[in-house]
Amino acid sequence: MRVSGEDAVKKVVIVGSGPAGYTAAIYCARARLEPVLFEGFYAGLAGGQLMTTTDVENYPGFPESISGPELMEKFKKQAIRFGTTCLTEDVESVDLKTRPFVVHGKSTHVRCHTLIISTGATAKRLDIPGTRDGELWQKGVSACAVCDGAIPIFRDKLLYVIGGGDAACEEAMFLTKYGKKVFMVHRRNELRASKIMAERAMHHPKIEILWDSAVAEVGGDRVVTHVVIENLRTQEKTKREAGGLFFAVGHIPNVDFLHGALELNDKGYLAVKPGTCQTSIPGVFGAGDVQDYVYRQAVTAAGSGCMAALEAEHYLTAEGIH
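Residues numbered from 1 in each chain as written. Predicted model: local features only at pLDDT ≥ 70, side-chain atom pairs only at ≥ 80, totals over all residues. Heavy atoms only, no water.

Caption draft 1: Up close: the environment of His226. Position of His226 among the secondary structure elements: in strand β15 (residues 224-231). Classification of His226 as buried rests on a relative accessible area of 16%. Spatially, the C-alpha atom of His226 lies 17 Å from that of Ala143, the residues being 83 residues apart in sequence. Discounting chain neighbours no more than four positions away, the residues touching His226 are Val218, Gly219, Gly220, Lys239, Arg240, Glu241 and Ala242. (Helix = DSSP H or I, 4+ residues; strand = E, 2+ residues; numbered from the N terminus. Buried < 20%, exposed > 50% of the residue type's maximum accessible area, 1.4 Å probe, protein only. Contact = heavy atoms within 4.5 Å.)

Caption draft 2: Structural context of the state of the cysteines. Tallied over the entire structure, the rule returns one disulfide. A disulfide bridge connects Cys144 with Cys147, and the sulfur atoms are separated by 2.2 Å. The S-S bond linking Cys144 to Cys147 shows a torsion near 65°; that makes this disulfide right-handed. Take Cys147: its relative accessible area is 26%, and that puts it in the partly exposed class. Among the cysteines around Cys306, which has no disulfide bond, Cys277 carries the closest sulfur, lying 8.9 Å off. Of the residues examined, Cys306 reaches a relative accessible area of 16% and is grouped as buried. (Disulfide = S-S within 2.5 Å.)

Caption draft 3: The side chain of Thr84, seen in detail. As for its position among the elements, Thr84 is in the loop between α2 (68-81) and β5 (85-87). Overall, Thr84 belongs to the buried group, its relative accessible area being 7%. Within the local environment of Thr84, its side chain forms a polar contact with the backbone oxygen of Ala25, the two atoms lying 3.5 Å apart. Within polar-contact distance, the side chain of Thr84 engages the backbone oxygen of Ala79 at 2.9 Å. (Polar contact = N/O pair within 3.5 Å; in protein donor to acceptor, adjacent residues only side chain to side chain.)

Caption draft 4: The arrangement of the pairing of strand β11 (residues 158-162) in detail. Counting buried residues along β11, five of its five residues qualify, which places the element largely inside the surrounding structure. Judged by which residues are buried, β11 turns out to be covered on both faces: Leu158, Tyr160 and Ile162 on one side and Leu159 and Val161 on the other are all buried. Pairing geometry for β11 and strand β12 (residues 181-185), over five bridges, is parallel. Pairing of Leu158 across the sheet is with Lys181, part of β12. (Pairing = 2+ DSSP bridges.)

On their own, these measurements won't tell you what the molecule is for.
Following this line, the structure appears as structure tokens:
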């Protein structure tokens, strides 16, 4: 089926929700482009990574903080208020070789003149007992220090970061502002990070690196209270006090549904022209974490959603599509 009529062609379709997708929808809807937004279902929670976040304290306009799900609900209501059609289903593929483009949802197929991809990225998590959904995930276990590090439960606690790259070093240094001490747990005997980042971490007075080690288990009742560290050389396991654990082992951009239809950069993210949201195909735009491997914040995702919407509007005008 199609959204409205057998031959209807939508001016813009947005694939993916979260701050980028909903912001793009707000701007497109206010420009009377009548956007259709596929917010996902089985592939991930509608609303993106913020749906698994508790208190959001760094989004402007909410001085008392706001929960991730509540913030995304406000985004969605605002998009719908101005005329966005939200479809709670996954997109399985897109056909970008024809014009109009065709977006194939699980049960709905939509033709469109422009397409905004805002499917985000998924933080990698290791399968460690105690860190899974329904265990201590988001109860002292996180995958974003910048998002969650300032939460009171981490204040003056012993914190652990898993990883050895630039991201792990950055997360560890950020956490030193709040934690009593930060331990980086790395499987090797040298960091993978760039030389300057590695030196900063190794010489930081509040950071200690546990070489040749892995987290074997995370424990606690309502929140994290301890971790079990395994020395990979000796296989010796040690139970240590902990107030939080942070994964810093990378992200996976959600681009599988594209099946190679758009160019990716060398990190696997959607490639966009510098300073824009323009992808390798005119009329297709990328917004949010699916194309941003540097900042990965709700506010920057929202900003790029605005950019993508404005660029889509300009493209339609240039093509004479009203």
